[in-house]
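The primary structure of each chain is shown beneath.
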Amino acid sequence: AQSVTQLDSHVSVSEGTPVLLRCNYSSSYSPSLFWYVQHPNKGLQLLLKYTSAATLVKGINGFEAEFKKSETSFHLTKPSAHMSDAAEYFCVVIDTGGFKTIFGAGTRLFVKA
Amino acid sequence: EAGVAQSPRYKIIEKRQSVAFWCNPISGHATLYWYQQILGQGPKLLIQFQNNGVVDDSQLPKDRFSAERLKGVDSTLKIQPAKLEDSAVYLCASSPRSKGGKKSSYNEQFFGPGTRLTVL
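Just so it is clear, the structure is predicted and the values come from calculations on it, not from any experiment.

Colleague: Which residues make up the packing of aromatic side chains, and what are the values?
Modeller: Throughout the structure, instances matching the rule amount to 14 aromatic pairs over all chains. With 6.4 Å between their ring centres and 55 degrees between their planes, Tyr-50 of chain A and Phe-74 of chain A make a pair best called tilted. Taken together, the positions of Tyr-50 of chain A in strand 6 (residues 44–50) and Phe-74 of chain A in strand 9 (residues 73–78) put the pair 24 residues apart, joining distant regions of the chain. The pair formed by Tyr-50 of chain A and Phe-74 of chain A is uniform in burial state, with each residue classed as buried. The interplanar angle of 70 degrees and the centroid separation of 5.9 Å between the aromatic rings of Phe-90 of chain A and Phe-103 of chain A together place this pair among those described as edge-to-face. Note that Phe-90 of chain A is positioned in strand 10 (residues 87–94) and Phe-103 of chain A in strand 11 (residues 102–103), a separation of 13 residues in sequence. The pair Phe-90 of chain A / Phe-103 of chain A is uniform in exposure class, with both members buried. What links up through ring pairs into an aromatic cluster is the set Phe-34, Tyr-36, Phe-90 and Phe-103 of chain A together with Tyr-33, Tyr-35 and Phe-111 of chain B.

Colleague: Lay out unusual backbone geometry with the relevant residues and their values.
Modeller: In this structure, the amide linkage connecting Ser-7 of chain B to the following residue, Pro-8 of chain B, adopts the cis form with an omega of -10 degrees. Of note, Pro-8 of chain B is situated in the loop between strand 1 (5–7) and strand 2 (10–13). In this model, Gln-80 of chain B is joined to Pro-81 of chain B through a cis peptide bond whose omega is -5 degrees. You can see Pro-81 of chain B is positioned in the loop between strand 8 (75–79) and strand 9 (88–95). Look at Asn-61 of chain A: it is not a glycine, yet its phi comes out positive at around 60 degrees. Take Asn-61 of chain A: it is sitting in the loop between strand 7 (56–58) and strand 8 (64–68). Phi at Asn-51 of chain B is positive, roughly 55 degrees, even though this residue is not glycine. With respect to the helices and strands, Asn-51 of chain B occurs in the loop between strand 5 (44–50) and strand 6 (53–56).

Colleague: Tell me about the nonpolar core, residues and numbers included.
Modeller: Counting residues in each nonpolar core, the largest one holds 26 residues, and the members touching the most others are Trp-35, Leu-48, Leu-76 and Tyr-89 of chain A. Broken down by element, the residue count for this core peaks at 4 residues, all from strand 10 of chain A. For Leu-48 of chain A, the contacting residues outside a window of four places in its chain are Leu-33, Phe-34, Trp-35, Val-57, Lys-58, Gly-59, Phe-63, Glu-64, Ala-65, Phe-74 and Leu-76 of chain A. By size, the runner-up hydrophobic cluster in this structure holds 21 residues, among which are Ile-13, Cys-23, Trp-34 and Leu-117 of chain B.

Colleague: I'd like a description of the side chain of Asp-8 of chain A, backed by residues and values.
Modeller: Note on placement: Asp-8 of chain A falls in the loop between strand 1 (3–6) and strand 2 (10–14). At 3.0 Å, the side chain of Asp-8 of chain A and the side chain of Arg-22 of chain A are in polar contact.

Colleague: An account of the state of the cysteines is requested, with residue identities and associated values reported.
Modeller: What is meant by a disulfide is a covalent connection between two cysteines, made through their sulfur atoms. Taken as a whole, this structure holds 2 disulfides over all chains when the rule is applied. Disulfide pairing places Cys-23 of chain A opposite Cys-91 of chain A at an S-S distance of 2.0 Å. Disulfide Cys-23 of chain A-Cys-91 of chain A: the torsion about the S-S bond is -70 degrees, which places it as left-handed. Remark: Cys-91 of chain A occurs in strand 10 and Cys-23 of chain A occurs in strand 4 (residues 23–26); sequence separation between them is 68 residues. Across the pair, Cys-91 of chain A and Cys-23 of chain A agree in class, each one buried. Across the disulfide from Cys-23 of chain B sits Cys-92 of chain B; the S-S distance is 1.9 Å. Classification of the bridge connecting Cys-23 of chain B and Cys-92 of chain B rests on its S-S torsion, roughly -70 degrees, and on that basis the disulfide is left-handed. With Cys-23 of chain B in strand 3 (residues 19–24) and Cys-92 of chain B in strand 9, this residue pair connects regions lying 69 residues apart in the sequence. We note that Cys-23 of chain B, like Cys-92 of chain B, is buried.

Colleague: Explain the interface of chain B and chain A to me, using residue names and the numbers behind them.
Modeller: Residue-level contacts link 22 residues of chain B with 22 residues of chain A. Roughly 1,700 Å² is buried in total at the junction of chain B and chain A, and carbon and sulfur atoms are behind 50% of that figure. At the surface where chain B touches chain A, the tally comes to 1 salt bridge. As a salt-bridge pair, Lys-100 of chain A and Asp-56 of chain B come within 3.4 Å of each other at their nearest N and O atoms. Inspection of the region where chain B meets chain A yields 5 residue pairs in polar contact (both at pLDDT 80 or more). Secondary structure elements with two or more residues in the side of chain B that touches chain A: strand 4 (31–37), strand 5 and strand 6 of chain B. For the side of chain B that touches chain A, the class distribution of residues is 8 nonpolar, 11 polar and 3 charged.

Basis of the calculations
Residues numbered from 1 in each chain as written. Chains lettered and ligands numbered in written order. Predicted model: local features only at pLDDT ≥ 70, side-chain atom pairs only at ≥ 80, totals over all residues. Heavy atoms only, no water. Phe/Tyr/Trp six-rings, centres within 6.5 Å; stacked < 30°, edge-to-face > 60°. Helix = DSSP H or I, 4+ residues; strand = E, 2+ residues; numbered from the N terminus. Buried < 20%, exposed > 50% of the residue type's maximum accessible area, 1.4 Å probe, protein only. Core = buried A, V, L, I, M, F, W, Y, C linked by side-chain atoms within 4.5 Å. Contact = heavy atoms within 4.5 Å. Polar contact = N/O pair within 3.5 Å; in protein donor to acceptor, adjacent residues only side chain to side chain. Disulfide = S-S within 2.5 Å. Buried area = accessible area lost by both parts, 1.4 Å probe. Salt bridge = Lys/Arg side-chain N within 4 Å of Asp/Glu carboxyl O. Nonpolar A, V, L, I, M, F, W, Y, C, P; charged D, E, K, R; others polar.

Here's what the structure looks like:
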């Protein structure tokens, strides 16, 4: 059975400092992994996706994530936080058949000036 | 290109009443999804359509929830009768058909703005 665990419900950083949002997954097969962002009163937007090509995936707005099979992790990082990054972030796993989309519980990112 | 459209944006009903939500996916997208997002939680997949066929409805409470996508384009999700715990945002998403032998799991899902349901 598939599952996704986002290890932090809230993360607070200062503007200009690095961001790390942690995600661990469980899957019986080789999954596809995604990070989506949800700004207040806005729809979910794709940040980046891993689909078995390069293990280091670059996304929009300077975010990137590294797929580590041995650790079953897909952590999201950004070298320098911006105020506009404050939002809810979701880690998502989809099985190879394209079914059973599972969202993590989300991590709310706060960025302090 | 136009995004995923949903209506209404907000709905307030009393428990035991019925309610229906409508979704129009991005033109040409074969796969359509309905999610329930309860406040403070991640979205939960309720049902997934491929064209007008259901490919996964394992988390749909079938005693009260129903969904259809008759012509393989737009879709409706109905709750009858509603309970207090159905208060949530209902999200619709769509994704394109896979091309070039790529796996369908690689496809990005495009989300609509959602319908916020309050059950009193």
